[in-house]
Amino acid sequence: MGVSELVCQEVLYTDCTFRPSIKSVQLHRAGWDMTYPIIELNSADQLELHFDDLSDEVKNYSYTIEHCDADWMPSNLAVDEFIDGFNHQPVQDYSLSFNTHVNYVNYCVVLPNDDMGIKLSGNYVLKIFEDFDETNLVLTHRFSVSEALISIQGDAKRPVADPYHDDGHQISFKVFLGSVSINDPYSEIKVAIQQNNRWNMSIRNLKPLFIRDGMLDYDHQSGNIFKGGNEYRYFDIKSMRYQAEMVRDIKYQPPYYHVYLVPDQPRYRGNYFYREDLNGRYYIKVQEGVKRHTESDYVYVHFTLPMDVPVIDGKLYVCGALSNWQCNETNQMTYDFETKSYRLDMLLKQGYYNYEYVFIRDGSRFPDATYIEGSYYEAENDYVVYVYLTTNTSRYDRLIGYQILNSIRKN
């Protein structure tokens, strides 16, 4: 497989939008916006996907799901092995925006449902496509289904050893297998640790240090360490009638409202300051409306990051769930020599947002938030531990359990 084909395949099995008119993609447990997209197999749990299409006309959208292995590559399974029902379903739940300056159509998918059930645990990609053509993709989004067969105990703490002692988090945990029978834990068990629902911030394929009496010990000293980062920046655009915190000015320039944020400053040299955040996520809400998914307007948000000179070996981006954790032309900042600052304008739906500034060095694909934001062991983060089981007879990676650990709050 060539490099371009490999990159294309990676995109198809990640969180991605394929059209500029698609905005505000969110996938979470039904009724719980701030939850991660993980449900229990054979339970009443459901996932809820919302997204907007700013093309202002109802499209013939459909959806399906695809099973993936622990590394988010396609499993070698037939569709009827993991789907109970029909593998292609029309998106029938949609509503037109109401009383907004920017017209859009809000779509919703809830699954599993009566027409599409899920038979197996593991990783999945939800695909939205148009005109019954699965190659005509609109968006993709990852989610996971767990069997809850094991228990996980652990914590995220300050690393003991340098060089991460002052700026990292060490994820130590134990896996209790219970009634799960395993012949070779080193080859049959796969573990992944994910920071703040970001699969581009994950550690995979950790091996246990000790095995005894149905317990796997992953108390590593170096292989399980993340940069702690910093608390996310934030802004509130639930109302266009008043300037909330971090908003410097609001102007209406037909046909859009424009929100100018207070200019930010680099934080890599400052002291750590705790502020409760959403770990990079956002919440859709309009202060003067009732139905937030269809009455929240789209406004241009203007970001400013003063810097005396532009960086010469890379690019800066505004990143978070507001950019789908991607770094591309829609969230890349440009340097303004007249004001000596980096600037970006983003069209965003009304609500409450977290974000951060990341740097990608030329020739690299990996975003670095510490370049602007700094990194501190005191920072609050979620770490999701996923445990997969693969045997010679299973033919796929079962997700047999997961646990959310927090660097401040204890289980």
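What comes next concerns the included structure. These numbers were taken from a predicted model, which means no experiment stands behind them.

Parameters and conventions
Residues numbered from 1 in each chain as written. Predicted model: local features only at pLDDT ≥ 70, side-chain atom pairs only at ≥ 80, totals over all residues. Heavy atoms only, no water. Helix = DSSP H or I, 4+ residues; strand = E, 2+ residues; numbered from the N terminus. Rg over C-alpha atoms; globule rule 2.2 N^0.38 Å. Buried < 20%, exposed > 50% of the residue type's maximum accessible area, 1.4 Å probe, protein only. Contact = heavy atoms within 4.5 Å. Areas by Shrake-Rupley, 256 points an atom, 1.4 Å probe, with all protein chains shown as cover. Lys, Arg positive; Asp, Glu negative; His and termini not counted. Charge placed at Lys NZ, Arg CZ, Asp CG, Glu CD. Salt bridge = Lys/Arg side-chain N within 4 Å of Asp/Glu carboxyl O. Pairing = 2+ DSSP bridges. Phe/Tyr/Trp six-rings, centres within 6.5 Å; stacked < 30°, edge-to-face > 60°. Lys NZ or Arg CZ within 6 Å of the ring centre and 35° of its normal.

**Quick notes on the overall build of the chain**
Line of reasoning, step 1. When you go through the chain residue by residue, the secondary structure sums to 5 helices and 30 strands.
Line of reasoning, step 2. Computed over its C-alpha atoms, the radius of gyration of the chain comes to 22 Å, within 12% of the 22 Å expected for a compact globule of 411 residues.
Line of reasoning, step 3. Its C-alpha atoms put the chain at 65 × 55 × 45 Å along the principal axes.
Line of reasoning, step 4. In the chain, buried positions account for 53% of the 411 residues.
Line of reasoning, step 5. Taking as baseline every contact in the chain between residues at least 6 positions apart, the subset at least 24 positions apart corresponds to 72%.
Line of reasoning, step 6. Of the accessible surface of the chain, which amounts to about 19000 Å², a share of 49% is contributed by carbon and sulfur atoms.
Line of reasoning, step 7. Here the chain contributes 38 positive and 58 negative side-chain charges, whose respective centroids are spaced 4 Å apart.

**Focus: the pattern of salt bridges**
Line of reasoning, step 1. Tallying each qualifying case throughout the model produces 25 salt bridges.
Line of reasoning, step 2. Notably, a salt bridge pairs Lys59 with Asp53, separated by 3.6 Å at the nearest N-O pair. Pair check on accessibility: Lys59 and Asp53 agree, each one buried.
Line of reasoning, step 3. Among the salt bridges present, the one from Arg398 reaches Glu147, with a minimum N-O distance of 2.8 Å. One end of the pair, Arg398, is in strand β30 (residues 398-406); the other, Glu147, is in the loop between β12 (137-146) and β13 (151-157), and 251 residues separate them in sequence.
Line of reasoning, step 4. Under the relative-accessibility criterion, Arg398 is labelled partly exposed at 22%.

**A short note on the pairing of strand β27 (residues 341-349)**
One face of the sheet, then the other: side chains in a regular strand alternate in exactly this way.
Line of reasoning, step 1. Of all 9 residues in β27, 7 are buried, a share of seventy percent or more.
Line of reasoning, step 2. Where strand β24 (residues 298-306) lies against β27, 9 bridges are found, and the strand directions are antiparallel. Bridged to Thr304 within β27 is Arg343.
Line of reasoning, step 3. Looking at chain direction, strand β26 (residues 334-336) and β27 are connected through 3 bridges and run antiparallel. Residue Tyr335 lies in a different strand from β27, and its bridge partner there is Tyr342.
Line of reasoning, step 4. Between β26 and the antiparallel strand that follows it, β27, lie 4 residues; Lys340 among them carries a positive phi value of about 50 degrees.

**Structural notes on unusual backbone geometry**
Line of reasoning, step 1. With an omega dihedral of -5 degrees, the bond running from Leu111 to Pro112 counts as a cis peptide bond.
Line of reasoning, step 2. Here Pro112 shows up in the loop between β9 (105-111) and β10 (116-118).
Line of reasoning, step 3. In this structure, Pro255 follows Pro254 across a cis peptide bond, with omega equal to 10 degrees.
Line of reasoning, step 4. Position of Pro255 relative to the elements: it lies in the loop between β21 (247-253) and β22 (256-261).
Line of reasoning, step 5. In this structure, Asn279 is a non-glycine residue whose phi angle is positive, near 55 degrees.
Line of reasoning, step 6. If you trace the backbone, Asn279 turns up in the loop between β22 and β23 (282-284).
Line of reasoning, step 7. Even without a glycine there, the phi angle at Trp325 is positive, about 60 degrees.

**Here we look at the packing of aromatic side chains**
Line of reasoning, step 1. Throughout the structure, instances matching the rule amount to 26 aromatic pairs.
Line of reasoning, step 2. Relative to Trp325, the ring of Tyr232 lies with its centre 6.2 Å away and its plane at 70 degrees, an arrangement referred to as edge-to-face. Of this pair, Tyr232 sits in the loop between β19 (225-227) and β20 (233-236) while Trp325 is found in the loop between β25 (314-319) and β26, placing the two residues 93 residues apart along the sequence.
Line of reasoning, step 3. The class for Tyr232 is buried, based on a relative accessible area of 4%.
Line of reasoning, step 4. Accessibility expressed as a relative area gives 11% for Trp325, which makes it buried.
Line of reasoning, step 5. Taking the ring centre of Tyr377 as reference, the NZ or CZ of Arg158 above it sits at 3.7 Å.
Line of reasoning, step 6. Sitting over the face of the ring of Tyr260, Lys251 holds its NZ or CZ atom 5.7 Å from the ring centroid.

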